[in-house]
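# Coordinates in review
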Amino acid sequence: MVAMLTGVLEFRSADPTRVQRYRFGGRTADFLICRECGVFVGVQMDTDKGRFGVLNVLSLRPLLALAAAELMDYGAESAEGRRLRRETRGTPLAAESV
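Residues numbered from 1 in each chain as written. Predicted model: local features only at pLDDT ≥ 70, side-chain atom pairs only at ≥ 80, totals over all residues. Heavy atoms only, no water.

## Topic: the layout of surface pockets
Each pocket or cavity is described by its volume, and for the second largest pocket that value is around 200 Å³. In this structure, the second largest pocket is lined by Phe11, Arg12, Ser13, Arg18, Val19, Leu32, Ile33, Cys34, Cys37, Val41 and Val98. Within the lining of the second largest pocket, the residues separate by chemical class into 8 nonpolar, 1 polar and 2 charged. (1 Å grid on protein atoms, 1.4 Å probe; cavity = no way out; pocket = protein on both sides within 12 Å on 5 of 7 lines; lining within 4 Å. Points joined across faces, edges and corners; volume = space filled by probe spheres on them. Nonpolar A, V, L, I, M, F, W, Y, C, P; charged D, E, K, R; others polar.)

## Let's talk about the pairing of strand S2 (residues 30-34)
Where strand S1 (residues 19-22) lies against S2, 4 bridges are found, and the strand directions are antiparallel. Following the sheet pairing, Gln20 is matched in S2 by Ile33. Pairing between S2 and strand S3 (residues 40-47): 4 bridges, direction antiparallel. Each residue of the ladder has a partner; that of Ile33, found in S3, is Phe40. In sequence, S2 turns back onto S3 through a hairpin of 5 residues, with Gly38 there showing a positive phi of about 80 degrees. (Pairing = 2+ DSSP bridges. Helix = DSSP H or I, 4+ residues; strand = E, 2+ residues; numbered from the N terminus.)

## Brief notes about the sheet that holds S1
Spatial strand order, S1-S2-S3-S4-S5: 5 strands in an open sheet with antiparallel pairing. In this open sheet, the two strands that pair with only one neighbour each are S1 and strand S5 (91-92). As judged from the 6 bridges shared by S3 and strand S4 (residues 50-55), these two strands associate in the antiparallel manner. Bridge pairing in S4 places Thr47 opposite Gly50. Contacts between helix H1 (residues 79-89) and the sheet are confined to S2, S3, S4 and S5, with S3 contributing the most and set at about 110 degrees to the helix. (Contact = heavy atoms within 4.5 Å. Axes fitted to C-alpha atoms, helices over the stretch in contact; angles between N-to-C directions.)

## Some details on the pattern of salt bridges
Evaluated as defined, the whole model comprises 10 salt bridges. One salt bridge in this structure joins Arg82 and Glu77, with 3.6 Å as the shortest N-O distance. Owing to a relative accessible area of 22%, Glu77 belongs among the partly exposed residues under this scheme. The residue Arg85 makes a salt bridge to Glu77 at a minimum N-O spacing of 2.7 Å. Looking at Arg85, the relative accessible area reads 17%, which means it is buried. (Salt bridge = Lys/Arg side-chain N within 4 Å of Asp/Glu carboxyl O. Buried < 20%, exposed > 50% of the residue type's maximum accessible area, 1.4 Å probe, protein only.)

## Quick notes on the side chain of Arg86
Here Arg86 is to be found in helix H1. One buried charged residue, Arg86, forms no salt bridge at all, with the nearest opposite charge on Glu77 at 6.1 Å. A polar contact of 2.8 Å, which involves the side chain of Arg86, links it to the side chain of Thr28. Not counting chain neighbours up to four residues away, the residues in contact with Arg86 comprise Thr28, Ala29, Phe31, Met45 and Phe52. (Lys, Arg positive; Asp, Glu negative; His and termini not counted. Polar contact = N/O pair within 3.5 Å; in protein donor to acceptor, adjacent residues only side chain to side chain.)

Spelled out as structure tokens, the structure:
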């Protein structure tokens, strides 16, 4: 069971032209990548229930002490399954988010 969390995520850049958006073949979300260094910053998507995002915490400085990464495979997931997963696990995005 996933705990309900409150909060809002906002992706912000001093120079928005440095943010590259990329959509994989499923075209369900925008993956945000730094044009300068190539780091994956996070992902955001729009749904009927609002905008949601996930932050790549490994892109934060100073680097946080985190649990070991867990291998995930979403290759067989449907577009509807992705939407539901991101709506329940993602953080609502602020209106001003890039």
